Structures are given as C-alpha cells and as structure tokens.
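# An overview of the molecular structure
As a plain string of letters, each chain reads:
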Amino acid sequence: MFAKAFRVKSNTAIKGSDRRKLRADVTTAFPTLGTDQVSELVPGKEELNIVKLYAHKGDAVTVYVSGGNPILFELEKNLYPTVYTLWSYPDLLPTFTTWPLVLEKLVGGADLMLPGLVMPPAGLPQVQKGDLCAISLVGNSPEGRQLDIKKSSYKKLSKFLQQMQQEQIIQVKELSKGVESIVAVDWKHPRITSFVIPEPSPTSQTIQEGSREQPYHPPDIKPLYCVPASMTLLFQESGHKKGSFLEGSEVRTIVINYAKKNDLVDADNKNLVRLDPILCDCILEKNEQHTVMKLPWDSLLTRCLEKLQPAYQVTLPGQEPIVKKGRICPIDITLAQRASNKKVTVVRNLEAYGLDPYSVAAILQQRCQASTTVNPAPGAKDSLQVQIQGNQVHHLGWLLLEEYQLPRKHIQGLEKALKPGKKK
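These numbers were taken from a predicted model, which means no experiment stands behind them.

## Comments concerning the packing of aromatic side chains
Applying the stated criterion across every chain, the model contains 2 aromatic pairs. A centroid spacing of 5.3 Å and a plane angle of 20° characterise the contact between phenylalanine 73 and tyrosine 80, whose relative ring orientation is stacked. For tyrosine 80, a relative accessible area of 24% gives the class partly exposed.

## Comments concerning the packing of helix α11 (residues 357–368) against helix α12 (residues 393–403)
Running from amino to carboxyl end, α11 crosses α12 at an angle of 120°, the nearest separation of the two axes being 10 Å. Taken together, α11 and α12 sit at an angle that is classed as oblique. Like other packed secondary-structure pairs, α11 and α12 cross with a definite hand, here right-handed. On α12, the residues touching Val360, Ile363, Leu364, Arg367 and Cys368 of α11 are His395, Leu396, Trp398, Leu399 and Glu403.

## Considering the side chain of glutamine 387
You can see glutamine 387 is positioned in strand β22 (residues 384–389). Residue contacts for glutamine 387: discarding those within four places in its chain leaves Arg338, Val344, Thr345, Val346, Ser371, Thr372 and Thr373.

## Describing the sheet that holds strand β3 (residues 60–66)
Strand order in the open sheet made by the 5 strands is β1-β2-β3-β4-β5, with antiparallel pairing throughout. Each edge of the open sheet is held by one strand with a lone partner, namely β1 (7–13) and β5 (78–81). For this sheet, the mean angle separating the axes of adjacent strands, direction not counted, is 25°. Of the strand pairs in this sheet, β3 and strand β4 (residues 69–75) are connected by 5 bridges, and their pairing is antiparallel. Across the sheet, valine 63 pairs through a bridge with phenylalanine 73, a residue of β4. Across the sheet, helix α1 (residues 16–29) touches β2 (48–54), β3, β4 and β5, and the angle it forms with β5 is around 80°.

## Quick notes on the packing of helix α8 (residues 248–261) against helix α10 (residues 297–307)
One can describe the packing of α8 onto α10 by two numbers: an axis separation of 10 Å at closest approach and a directional angle of 125°. Here α8 is positioned oblique relative to α10, judged by the angle of their axes. In the packing of α8 onto α10, the handedness of the crossing is right-handed. Residues Gly248, Val251, Arg252, Val255, Ile256 and Ala259 of α8 lie in contact with α10, whose contacting residues are Trp297, Leu300, Leu301, Cys304 and Leu305. Taken together, the residues of the contact of α8 with α10 sort by class into 9 nonpolar, 1 polar and 1 charged.

## A short note on unusual backbone geometry
With phi around 50°, glutamate 76 is a residue other than glycine that occupies positive phi space. Relative to the elements of secondary structure, glutamate 76 occurs in the loop between β4 and β5. Despite not being glycine, glutamine 405 has its phi angle at roughly 60°, a positive value. Along the polypeptide, glutamine 405 turns up in the loop between α12 and β23 (411–412).

## Looking at the pairing of β22
Of all 6 residues that make up β22, 5 are buried, and the element is covered over most of its length. The pairing of strand β20 (residues 343–348) with β22 spans 5 bridges and is antiparallel. Residue pairing in the sheet places valine 347 in a bridge with valine 386 of β22.

## Focus: the sheet that holds strand β8 (residues 134–137)
The strands making up a sheet are joined through hydrogen bonds of the backbone, oriented either antiparallel or parallel. Taken in spatial order, the 3 strands make up an open sheet running β7-β6-β8, and their pairing is mixed. Edge strands, defined here as strands with exactly one partner in the open sheet, are β7 (117–118) and β8. Here 4 bridges tie strand β6 (residues 95–98) to β8, and the two strands are oriented parallel to one another. Of the residues in β8, the one forming a bridge with threonine 95 is alanine 134.

## Side note on the environment of proline 43
Turning to its location among the elements, proline 43 is positioned in the loop between α2 (35–41) and β2. Along the primary structure proline 43 and arginine 19 are separated by 24 residues, whereas in three dimensions their C-alpha atoms are 8.6 Å apart. Those residues in contact with proline 43, other than ones at most four positions away along the chain, are Arg19, Arg23 and Ser66.

## What about the pairing of β6?
Along β6, the buried face is formed by Phe96 and Thr98; none of Thr95 and Thr97, which line the opposite face, is buried. The pairing of β6 with β7 spans 2 bridges and is classified as antiparallel. Across the sheet, residue threonine 97 finds its bridge partner in β7, namely valine 118.

Conventions and cut-offs
Residues numbered from 1 in each chain as written. Predicted model: local features only at pLDDT ≥ 70, side-chain atom pairs only at ≥ 80, totals over all residues. Heavy atoms only, no water. Phe/Tyr/Trp six-rings, centres within 6.5 Å; stacked < 30°, edge-to-face > 60°. Buried < 20%, exposed > 50% of the residue type's maximum accessible area, 1.4 Å probe, protein only. Axes fitted to C-alpha atoms, helices over the stretch in contact; angles between N-to-C directions. Helix = DSSP H or I, 4+ residues; strand = E, 2+ residues; numbered from the N terminus. Parallel < 35°, antiparallel > 145°, perpendicular 65-115°, else oblique. Left-handed = near helix turned anticlockwise from the far one by under 90°. Contact = heavy atoms within 4.5 Å. Pairing = 2+ DSSP bridges. Nonpolar A, V, L, I, M, F, W, Y, C, P; charged D, E, K, R; others polar.

Written out as structure tokens, the structure reads:
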C-alpha cells in the first residue's frame, strides 16, 4: 500500500476527545498491550497528529503520527500497527518469520505460503482466519543490538557519521540549525552487504524465539513412498489411492496381505508368489508380461518399492511433519574460484534442515576468521547460499556433523576438505 507514492490530504493535531478514543481503540484492537504500554504508545500530552492521505490506488488511509514517527494507521475502520510500532512492541501480533527473498515476492503482491516460512522450535503461532499477523525477516529481530559509540574507535557520533559519509555509505545534512540528519543510506554498499552480526556463542547455533534462545536440533527425516496412478489397483483394497504416502514397512504389509488374501502364495514353494493381472500390470515390464509368472517374495517387494514414487517427511522439533515428493536435497558443499584466483567455500540447502543461513554464516565467520556472505542460490527458488573465503570444508563439516549432529548421508562435498599440509 505504501510502496508507491501517496497523496496527503490533511495533517492536523489530534483533539483531546479523539486521543482518548484512539487509546480505547488501541486497547480493544491489541489486548496484549498493558495500560502503561497503551499510554506510552498514545501519549497523553506529547505531540500527536492525524494525517489523512490517499494511497496510490485511491484508498483513504488515516495515519497517526507521534513525535514525527508513524505509529498506527486506519483503513476501512480497522486499526493496524506500523513497522515502527512492531519494532517497539515485537509481541504485539502473532509473527511469522520468512527469508529476505520471499519478502521481495510479498512486496510484489504474492501470498505467503507455508514453504516460505521459517519454522520456530515451538511451532507456528496459533491463529484463526482473519487474524491480524506480522511478518518478520530472519536475522532482523526487533530487539536487535545497540552500538555504544563511546566504546568504539570513533568515540563520538559526529566522527562516526563523518567517516560513514566520506565512504559514501550515508548522506548527512543539517536540516535544522544544529541538528544533523541522515537523509540517505546506500544499502547496496559493500560495507553494509558484507556485514554480519557475530553470534554471542560460536559453539552452538541458537534460534531466537521471543526472549528465549533454544539450541538447534536436527530434524527427523523419514523416506516415504507415494502411490502413482499405475499402482492404484494394488493399493486401493487397503484404502489407499493415488498420491497416498506410505512408509516402506506399510508397503511390505500391504503387498503381503494382498498376496495372501488373493491366494497367490505358491502351494509348492511358499517363497514364491504367483502374479495375478494386477501385479503383472503394476510391477512387470512390458517384455515380461507373458514370461514371468512367479517371483520370490524379496524380488516382489523390491520391485513394488521401485515402482512407487520417492517422497520424504521432515519433522523439526515442536512442529508438524512436512511431507514432500521426490528425494530431499542434501546440504551441498562446493569449492569455487573467485576474483584473483581465490577459492571460496559455498554451501547450499541449509533451510531444508531447519538451519538459518545467516546464523551459519555468522558462526563460520568467527570460527574460520574469514569473510562470509549470504546470497540467493542460483537456480533455486527462494533459497540462499553461504559463501566463506578459502577452503573451509573442514570447519563446515565439523559444525554440521559434530555440533548439529546431522547424518553424513545428508551432506555432500565433505571430501573436498583441505588435506593436511596444503595451503588454502
């Protein structure tokens, strides 16, 4: 709504009666706020303005501005907090966390879908249809961290701003006498894009949820099988249809019960199963249809599993299982050459295992004492990759295998670790 230019109709100071009504409306709309917080958000005596404007599509919006900062806006008689207010009161609304690449799509008008969410350890917020919710970015918590200029090499804020302006990171102007204001920021400046906040404890990744931090636990990954159209006749007697997901043990039980129920076990050799028309159509190749009449149990079961479509189920601690078709992509570690023939280590597919690429990058930056960046993964929709300067496969392998306790079979590229005595 506010991504494009809007037109201001009026900007007036709020009346006493309207201020009291606004407080009452805030209390009703946001019951999680206490009395003191409502008084802080809608102050009793400080400057509070009502700005009426028209959005680019013609929507009439009322914005409430306190101390020069927009705190609330009203659209079609519904009250909404601004991003500024959500920074100040991060628990005001149920919050869903997503990745920066997904946010770009949301800004363009796309809907937020379940695959685009970051699953917190305690599970997703409990909400009902029509509930007002907030969306936050990974690594962009409202609590944040403060920089104490006095403890830095700059000592004074004016020196810090002057240095940042010399490096063309910001533009500072004296908009009013004696008051300097930051009027522009170059968010694409290398000093900003390469900056990563160090994690307080490099030995264990933690996921922040509210005021609690919980250690990372690896997901439970279970291989499954999906019934294709060509196999539905075999599985329909057991109540399964096309698209049903089954574990390997369930497939075996269904096939064994089918053979016994239809009297297909060979009378002379219990290790053989006679193939009826349904089994022939489901598991035999065309050139075998008139030549293969019986199969051993192990061959029958193996062929059934091979004809089913692969799938998998991922369960993160405290969350509902997520089932997908295909095979889960392993965490992929590669080495690449960059400018001046320098090697870098690239790791992809961390999100599939509940890992935050930004947190992993911060840990590796400290562990390896090397620069790290997080970028969109080429050819992968809404996925990120972490790049670390030098051959850091050994450090990465230790982090994933020993500290995160991920199974080795779900990681590829560990053999690229630097051999002892070789240079990076």
